[in-house]
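# Inside the fold
Read off the chains here:
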Amino acid sequence: MKILYFYVAKQFSRIFFFTAFAFGFIVLISELFRQISFYMEYKTGLFIIAQHLFSNIPWWIIQVLPVATLLALLFSLGDLAKRNEITAMKAAGINLWKIITLLMIAGFIIGLADFGAREFIVPKTTYFNEVVKKEKIQKEEIHVKTEFSNLIVSLQNHSRLSVGYLNTKEKIMKDVIIERYSDDFILERLVLAPEGVWKDNTWTLSNGVIRDFDKDSWNELYFKEYDSGINLKPEDIALKKMRYEMMDTHAFKKYIRQLRIFGQTALKERIALNIRYASVFSHLIVMMIGIPFALGLGNKFGKILSFTLALGAAFVYWGVQAITQSLGENYILSPFMAAWLPNFIFFAIGIYLLIKVKK
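Below, the structure is looked at part by part. (Residues numbered from 1 in each chain as written. Predicted model: local features only at pLDDT ≥ 70, side-chain atom pairs only at ≥ 80, totals over all residues. Heavy atoms only, no water.)

Okay, the overall build of the protein chain next. The helix and strand tally for the protein chain stands at 11 helices and six strands. A compact globule built from 359 residues should have a C-alpha radius of gyration of about 21 Å, whereas the protein chain, at 28 Å, is more than 25% larger. Oriented by its inertia axes, the alpha-carbon framework of the protein chain measures out at about 90 × 55 × 35 Å. Of all 359 residues assigned to the protein chain, the portion counted as buried reaches 44%. Of the roughly 20200 Å² of accessible surface on the protein chain, a fraction of 62% belongs to carbon and sulfur atoms. (Helix = DSSP H or I, 4+ residues; strand = E, 2+ residues; numbered from the N terminus. Rg over C-alpha atoms; globule rule 2.2 N^0.38 Å. Buried < 20%, exposed > 50% of the residue type's maximum accessible area, 1.4 Å probe, protein only. Areas by Shrake-Rupley, 256 points an atom, 1.4 Å probe, with all protein chains shown as cover.)

This is the structure:
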């Protein structure tokens, strides 16, 4: 059986890698023609063009992995059927579920590789791609932004922080306003300070005033130093727009927390994070959909029709993914369901189709 497993795995992996890199090369050529006017405008050299394009190949390959998985499955099983090797396996008393299990394990491994690439490879190559574009093509210096203005941050306990100016490098902020509201959204406390400094893991305000309000009056207290109790680091207060592919999961979660601190729902980002997890299983589901059609569902369909139906079913799966993502972004589905519902639906369909396969 080990020889058979090796033979089937070799057939599948050979077509899979060829298809994935072929698609990546096609996208590369397409991107070259799309951006050729951009390169000509900045008189970019061939070596820099190559750096800019090739650094995006890992991201492009990830995008085409599900299609490469499906095509590798259909062609490899198609070749086995064409040479009557599937019939020979059955005649030898080999249960096809052993081959099916091997292919599904391969699909799950591809999903793990996809996730690993998003975590460890794509963020670095995407950042390098951005550096090449800014520094080598557009001749711009990349500066880390340290100064921000007019920031509003939602805090716990019905409070809100407003900052006129923030310097994350020097760890100071100016024109600080802290508002605290009751459960009925009535202002209870107002803290005003011209300056705040980050020290000992908290923001210490200076030369300000605290005003406490009740129904009929309010009290005022001036201070030289006041511990605000706000433990947000300077870099957490400043919001920086980030591309999803430039972040690993830890950075992505931190970015979402930061958005929510600013009072944003971060809905698209939460959906994108859940999709990152769900994509691990998408290749397995593509396998579950493709295998029954590749084996002809017990010779009920012809080979060409089976091939067409498998592609059609896979594209319906990806279409449902787009629909549920849109429903999630419109608050109809939760971020979790927007990402995972297609997997649940087509996992059940895949199980049903696999049961129909003659062993």
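Turning next to a nonpolar patch on the surface. A contiguous nonpolar patch, built from Phe108, Leu112 and Phe281 and spanning about 240 Å² of accessible area, is present on the exposed surface. Following the sequence through the fold, phenylalanine 108 ends up in helix H5 (residues 96–137). Among the residues examined, phenylalanine 108 registers a relative accessible area of 31% and is labelled partly exposed. (Patch = residues over 30% accessible without salt bridge, like charges linked within 9 Å, V, L, I, M, F, W, Y side chains within 5 Å. Salt bridge = Lys/Arg side-chain N within 4 Å of Asp/Glu carboxyl O.)

Our focus in this paragraph is the pairing of strand E1 (residues 147–155). With eight bridges joining them, E1 and strand E2 (residues 159–167) adopt antiparallel strand pairing. Within E2, the residue paired with leucine 155 across the bridge is serine 159. The hairpin turn running from E1 into E2, its antiparallel successor, is three residues long, and asparagine 157 in that turn takes a positive phi close to 60 degrees. (Pairing = 2+ DSSP bridges.)

Let's shift gears to the packing of helix H8 (residues 267–294) against helix H11 (residues 335–355). Viewed as axis vectors pointing N to C, H8 and H11 meet at an angle of 10 degrees, and their least axial separation amounts to 7 Å. By the angle between their directions, the pair H8 and H11 is classed as roughly parallel. For the contact of H8 with H11, the residue count by class is 22 nonpolar, three polar and one charged. (Axes fitted to C-alpha atoms, helices over the stretch in contact; angles between N-to-C directions. Parallel < 35°, antiparallel > 145°, perpendicular 65-115°, else oblique. Nonpolar A, V, L, I, M, F, W, Y, C, P; charged D, E, K, R; others polar.)

Further remarks concern the nonpolar core. Core analysis: the biggest nonpolar cluster contains 54 residues, and Phe12, Leu103 and Ile291 have the highest contact counts within it. Elements represented by at least two residues in this core include exactly helix H1 (2–41), helix H2 (46–54), helix H3 (57–82), helix H4 (85–91), H5, H8, helix H10 (303–329) and H11. Residue contributions to this core peak at 11 residues, all from H3. Once residues lying within four places of it in the same chain are set aside, the contact partners of isoleucine 291 are Leu73, Leu77, Ile100, Leu103, Met104 and Leu354. With 23 residues, the next largest nonpolar core counts Val176, Val191, Ile210 and Ile261 among its residues. (Core = buried A, V, L, I, M, F, W, Y, C linked by side-chain atoms within 4.5 Å. Contact = heavy atoms within 4.5 Å.)

Spatially, the six strands line up as an open sheet ordered E1-E2-E3-E4-E5-E6, and their pairing is antiparallel. Single-partner strands in this sheet number two, and they are E1 and strand E6 (218–227). Within this sheet the neighbouring strands show an average axis-to-axis angle of 15 degrees, counted without direction. As paired elements, strand E4 (residues 187–199) and strand E5 (residues 202–213) share nine bridges and run antiparallel to each other. From the neighbouring strand, valine 191 faces E5, where its bridge partner is isoleucine 210.

This part covers the packing of aromatic side chains. Considering all chains together, one arrives at 17 aromatic pairs under this definition. Centre to centre, the rings of phenylalanine 12 and phenylalanine 16 are 5.9 Å apart; their planes meet at 10 degrees, and the pair counts as stacked. With phenylalanine 12 and phenylalanine 16 both in helix H1, this residue pair falls four residues apart, about one helical turn. In this pair, the class of phenylalanine 12 matches that of phenylalanine 16, namely buried. Where phenylalanine 38 meets tyrosine 39, the ring centres are 5.8 Å apart and the plane angle is 55 degrees; that geometry is what we call tilted. Both residues of the pair, phenylalanine 38 and tyrosine 39, belong to the buried class. Three or more aromatic residues link up through ring pairs in this structure, and these residues are Phe108, Phe281, Phe336, Trp340 and Phe344. It is lysine 133 that lies over the ring of phenylalanine 38; its NZ or CZ is 5.9 Å from the centre. (Phe/Tyr/Trp six-rings, centres within 6.5 Å; stacked < 30°, edge-to-face > 60°. Lys NZ or Arg CZ within 6 Å of the ring centre and 35° of its normal.)

This part is about the packing of H3 against H5. One can describe the packing of H3 onto H5 by two numbers: an axis separation of 10 Å at closest approach and a directional angle of 165 degrees. In terms of their interaxial angle, H3 and H5 are classed as roughly antiparallel. Classified by chirality, the crossing of H5 by H3 is right-handed. When H3 is examined against H5, the residues Pro58, Trp59, Ile62, Leu65, Thr69, Leu73 and Leu77 are found in contact with a partner set consisting of Leu103, Ile110, Asp114, Ala117, Arg118, Ile121, Val122 and Thr125. Considered class by class, the residues forming the contact of H3 with H5 number 11 nonpolar, two polar and two charged. (Left-handed = near helix turned anticlockwise from the far one by under 90°.)

Our focus in this paragraph is unusual backbone geometry. Not every positive phi belongs to a glycine, and aspartate 175 is a case in point at roughly 55 degrees. Inspection of the secondary structure assignment puts aspartate 175 in strand E3 (residues 172–181). Classification of aspartate 175 as exposed rests on a relative accessible area of 53%. Located in the positive-phi region is phenylalanine 185, a residue other than glycine, with phi close to 60 degrees. When you line up the elements, phenylalanine 185 lands in the loop between E3 and E4.

In this section: the side chain of glutamine 258. Mapped onto the elements, glutamine 258 comes out in helix H7 (residues 249–261). Contacts of glutamine 258, omitting those with residues within four sequence positions, involve Glu235, Asp236, Ala238 and Leu239.

With that settled, consider a positive patch on the surface. A contiguous patch of positive charge, built from Lys171, Lys233, Lys253, Lys254 and Arg257, is present on the exposed surface. Tracing the chain through its elements places lysine 254 in helix H7. On the basis of relative accessible area, lysine 254 is assigned to the partly exposed category, the value being 40%. (Lys, Arg positive; Asp, Glu negative; His and termini not counted. Charge placed at Lys NZ, Arg CZ, Asp CG, Glu CD.)

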